[in-house]
There are 2 protein chains.
Amino acid sequence: MNVLRHPNEWSKPIGTTVGFVPTMGALHEGHLSLMRAARAECGHVVVSIFVNPTQFGPNEDFQRYPRNEQRDLELCGEVGVDTVFAPDVETMYPRRTTVVAVRGVTERWEGAFRPGHFDGVTTVVAKLFHIVQPDLAYFGLKDLQQCAVIRRMVEDLNFPVRLRFCETVREPDGLAMSSRNQYLSPEERRRAALLYRRLRECRDEAAAGGSLAASLDRARIALEADGFAVDYVAWVDPVTMEPTDRLQPHCRLIAAVRLGGVRLIDNLGLDTA
Amino acid sequence: MNVLRHPNEWSKPIGTTVGFVPTMGALHEGHLSLMRAARAECGHVVVSIFVNPTQFGPNEDFQRYPRNEQRDLELCGEVGVDTVFAPDVETMYPRRTTVVAVRGVTERWEGAFRPGHFDGVTTVVAKLFHIVQPDLAYFGLKDLQQCAVIRRMVEDLNFPVRLRFCETVREPDGLAMSSRNQYLSPEERRRAALLYRRLRECRDEAAAGGSLAASLDRARIALEADGFAVDYVAWVDPVTMEPTDRLQPHCRLIAAVRLGGVRLIDNLGLDTA
């Protein structure tokens, strides 16, 4: 497995399909499932490990975001990754004078609660796509709005890459895997699983034909009773990220909550287990 | 010569160098010199012809910008272009939700007089680079700040393309070739050549060791006496586009003037003929 520190060290192999999994490291089973999907589909798998400062707000957790490169590289090796690209911040950002900004689909939800976040995401993904030049790129559906934003950017700017979005991987108690779960105290970690339970209840009520608005109200009240501060709970169209009041097969139920100092997001489709 | 209307019709040829000349059509010798440079250096030459609406301001000349595709295609054929990409506006912009924006180098000069112009340029060039996937791309130095903006975008976003900037081609009387010269009345067309003469005088004064500020003042006064409204005349660093008061070998003298309703820009280096 090659570990590259600078874009110049990479030249795209000819005659094989390059699959790319961009990550911020602190790898967990969610990331590994993306790498395995890439491994199954592509001749050459590239993983990037880069904690991107431009997608963190000034009061967010850039400094304390978990970093464990040695363990990450071991996991990449175990999954059969061919190339890891792990640059430092100065290599990726000698300047920060160019921004790729997506409008519309970025405005609600995470975009509203984390101003500037998606500009940081789209800019670094554009850079990584140009560096790696993948044929396919893999993203996890846990970050549903990020998937919508990347899809829109790729379409709007005609990036020559196909996108694959893969289902969220969960802990045995249902909590969506996230590098930030490490921030939870043992008591918070136990409680965190209730987010998934409340979303399932809400989804099942809606699927059974109940009122969407009433089920969302009940979910919010239940989450607050569980000790979460609720940023949002909503049914959305996963392409436009607009809220919907008419359930269609592709709609997703999304939520963001805070537990102590930790922010958790999750989402479910109508047929998500 | 292939003429393509949709990105899907293009697949980058393998094993040869692809050279790309983006244009807005109304081709003149300036464009042809870029195409000949690409022809001499590359195995496959692609020219795009697309009058990009997003780089025109609301009070600018998008509607009346000269269009003559039949003649453009003939000229491309004569120069030996392999592929012309000539999409329509709906094909290029089913949506306008993503913008590539360069800061800093875009702020003065054309950026100040044409708000939003460079966002339109960088966004369409990013799209065209993704569609064509050139190894080399050719731009004319007449649009000096555009060259600086594209260079910055390519560096900041790690585009896998090398840039070539080619010297301005001039009419026999010195007027820089531009599709917009067609807007000039015969009387204005005669007068327009004075822009180049005044810039040469100013450049030669500075090269002879005179005060930069004094020579710029004299140039402005002379241009106004010639009947031009002067938007700016300045010595700049062509990479940062910052004004300079210390002449260095790579510095350029830039100017933008208006004559009747027509805006003219031009620039000279210390060794430009």
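Conventions adopted
- Residues numbered from 1 in each chain as written.
- Chains lettered and ligands numbered in written order.
- Predicted model: local features only at pLDDT ≥ 70, side-chain atom pairs only at ≥ 80, totals over all residues.
- Helix = DSSP H or I, 4+ residues; strand = E, 2+ residues; numbered from the N terminus.
- Rg over C-alpha atoms; globule rule 2.2 N^0.38 Å.
- Buried ≥ 20, exposed ≤ 12 C-beta atoms within 10 Å, placed from the backbone.
- Contact = placed C-beta atoms within 7 Å.
- Pairing = 2+ DSSP bridges.
- Right-handed = clockwise from strand over helix to strand, strands pointing away.
- Least-squares fit on C-alpha atoms with pLDDT ≥ 70 in both.
- pLDDT = per-residue confidence, 0-100.
- Nonpolar A, V, L, I, M, F, W, Y, C, P; charged D, E, K, R; others polar.
- Axes fitted to C-alpha atoms, helices over the stretch in contact; angles between N-to-C directions.
- Core = buried A, V, L, I, M, F, W, Y, C linked by C-beta atoms within 7 Å.
- Domains from an automatic or database assignment.
- Left-handed = near helix turned anticlockwise from the far one by under 90°.
- Expected span 1.5 Å × (residues − 1).

S.K.: What is the right way to read the overall build of chain A from this model?
M.R.: Across its full length, chain A holds eight helices and ten strands. For chain A, whose C-alpha radius of gyration is 19 Å, the value lies close to the compact-globule estimate of 19 Å for 273 residues. If you line up chain A on its principal axes, its C-alpha atoms span 55 × 40 × 35 Å. Counting all 273 residues of chain A, 40% fall into the buried class. The long-range fraction of contacts in chain A, counting pairs at least 24 apart against all pairs at least 6 apart in sequence, stands at 69%.

S.K.: What is the right way to look at the pairing of strand β6 (residues 136-140) of chain A in this model?
M.R.: The side chains of a regular strand alternate between the sheet's two faces. Residue and element names in this part refer to chain A. Counting buried positions along β6 gives four out of five residues, so the element sits mostly inside the fold. Pairing of strand β2 (residues 18-23) with β6, which is carried by two bridges, proceeds in the parallel orientation. Bridge pairing in β6 places G19 opposite L136. Bridge analysis of β6 against strand β7 (residues 162-166) gives five bridges, and the strand direction is parallel. Within β7, the position partnered with L136 by the bridge is R162. Handedness of the crossover joining β6 and β7 through helix α6 (residues 144-156) is recorded here as right-handed.

S.K.: Is there a simple way to think about the relation of the copies chain A and chain B in this case?
M.R.: For the pair of chain copies, the relating operation is a rotation around an axis with a shift along it. Between chain A and chain B, the superposition needs a rotation of 180° and an axial shift of 0.0 Å, giving an RMSD of 0.0 Å. In symmetry terms, the pair is related by a two-fold rotation axis. Rotation axis and chain A: the residue whose C-alpha lies nearest the axis is V100 of chain A, separated from it by 2.3 Å. Of the residues that chain A buries at the interface, 100% are likewise interface residues in chain B, meaning the two copies contact each other through the same surface.

S.K.: I keep staring at the environment of E171 of chain B and nothing clicks. Help me out?
M.R.: Residues and elements named next belong to chain B. Assignment of secondary structure puts E171 in the loop between β7 (162-166) and α7 (186-207). Given 16 C-beta atoms within 10 Å, E171 falls into the partly exposed group. Residues E171 and A193, 22 residues apart in the sequence, show an inter-C-alpha distance of 8.7 Å.

S.K.: Sorry if this is basic, but what is going on with the confidence of the model for chain A here?
M.R.: Across chain A, the average pLDDT comes to 97, with 100% of residues at 70 or higher. Two numbers describe this predicted complex: its pTM, 0.98, and its ipTM, 0.97.

S.K.: Would you take a moment to explain the interface of chain A and chain B for this structure?
M.R.: Note: interface size is frequently given as the accessible area lost on complex formation between the parts. Tallying the contact residues gives 22 residues for chain A and 22 residues for chain B. Elements supplying a minimum of two residues to the side of chain A that touches chain B: β5 (98-102), α5 (117-132) and α6 of chain A. The biggest single contributor to the side of chain A that touches chain B is β5 of chain A, with five residues. Classifying every residue of the side of chain A that touches chain B by side-chain character gives eleven nonpolar, six polar and five charged. Judged from the five bridges that link them, β5 of chain A and strand β5 (residues 98-102) of chain B form a sheet pairing that is antiparallel. When the sheet's bridge partners are listed, V102 of chain A is paired in β5 of chain B with T98 of chain B.

S.K.: Which parts of the structure should I look at to understand the sheet that holds β2 of chain A?
M.R.: All names here are of chain A. Pairing is parallel across the open sheet formed by six strands, whose spatial order is β1-β4-β3-β2-β6-β7. Each of the sheet's edge strands pairs with one partner strand only, and the pair in question is β1 (2-4) and β7. Each strand of the sheet is rotated relative to its neighbour by a mean of 25°, with strand direction disregarded. Running over the sheet, α6 touches β6 and β7 and is turned about 170° from β7.

S.K.: What am I meant to see in the nonpolar core here?
M.R.: As a rule of thumb, nonpolar side chains are buried together in soluble globular proteins. The biggest cluster of nonpolar side chains holds 145 residues, and the ones touching the most others in it are M35, V47 and L195 of chain A together with M35, V47 and L195 of chain B. Discounting chain neighbours no more than four positions away, the residues touching M35 of chain B are V21, V45, V47, C76, V79 and V81 of chain B.

S.K.: Explain the domain arrangement of chain A to me, please; I cannot follow it from the model alone.
M.R.: Residue and element names in this part refer to chain A. We note that the domain assignment places domain 1 (2-166) and domain 2 (179-267) within chain A. Contacts between the two partners involve 13 residues from domain 1 and, on the opposite side, 13 residues from domain 2. Here the side of domain 1 that touches domain 2 takes three residues from α6, the largest share from any one element. Looking at side-chain class alone, the side of domain 1 that touches domain 2 contains eight nonpolar, two polar and three charged residues.

S.K.: Could you clarify how one ought to interpret the packing of helix α1 (residues 29-41) of chain A against helix α2 (residues 69-79) of chain A in this entry?
M.R.: Describing two packed helices takes the angle between their axes plus the distance from one axis to the other. Residues and elements named next belong to chain A. Taken N-terminus to C-terminus, the directions of α1 and α2 make an angle of 35°; their axes are 10 Å apart at the nearest point. The two elements α1 and α2 meet at a crossing, and its hand is right-handed. Every residue of α2 that contacts α1 at L32, M35, R36 and R39 is listed here: L75, C76 and V79. Per-class residue counts for the contact of α1 with α2 are five nonpolar, no polar and two charged.

S.K.: Help me understand the sheet that holds strand β8 (residues 229-236) of chain A, please; the structure alone is not making it clear to me.
M.R.: The pairing of strands in a sheet happens through backbone hydrogen bonds and is either parallel or antiparallel. Residue and element names in this part refer to chain A. In space, the three strands of this open sheet follow the order β8-β9-β10, with antiparallel pairing throughout. Taken across any chain shown, the strands that pair with only one partner, and hence form the sheet edges, are β8 and β10 (262-269). Across this sheet, the average inter-strand angle for adjacent strands is 10°, counted without regard to direction. Pairing of strand β9 (residues 252-259) with β10, which is carried by eight bridges, proceeds in the antiparallel orientation. Across the sheet, the residue bridging to L253 is L268, located in β10. Relative to β8, helix α8 (residues 212-225) is tilted by about 155°, and along the sheet it contacts β8 and β9.

S.K.: How do you make sense of α7 of chain B when you look at a structure like this?
M.R.: An α-helical turn contains 3.6 residues, so any two residues separated by three or four positions project in the same direction. All names here are of chain B. Taking 1.5 Å as the rise per residue, α7 with 22 residues should run 32 Å; its terminal C-alpha atoms sit 33 Å apart, in good agreement. For α7, every residue scored as buried is listed here: A192, L194, L195, Y196, R198, L199, C202, R203 and A206. In this structure, the buried side of α7 is in contact with α8 (212-225), β9 (252-259) and β10 (262-269). Positive backbone phi, at 100°, marks G209, one or two positions downstream of α7.

S.K.: What exactly am I supposed to notice about α6 of chain A here?
M.R.: Residues and elements named next belong to chain A. With 13 residues, α6 should cover 18 Å at 1.5 Å per step; its first-to-last C-alpha distance of 18 Å lies within 8% of that length. For α6, a buried count of eleven out of 13 residues is recorded, marking the element as mostly surrounded by other parts of the structure. Buried residues of α6: L144, Q145, Q146, C147, A148, V149, I150, R152, M153, V154 and D156, and no others. Trailing α6 by a residue or two, N158 shows a phi angle of about 60°, which is positive.

S.K.: Is there a simple way to think about the environment of A101 of chain B in this case?
M.R.: For A101 of chain B, the position within the fold is in strand β5. On the basis of neighbour count, A101 of chain B is assigned to the partly exposed category, with 18 C-beta atoms found within 10 Å. Once residues within four sequence positions are removed from consideration, A101 of chain B is found in contact with T98, V99 and A101 of chain A together with D119 and T122 of chain B.

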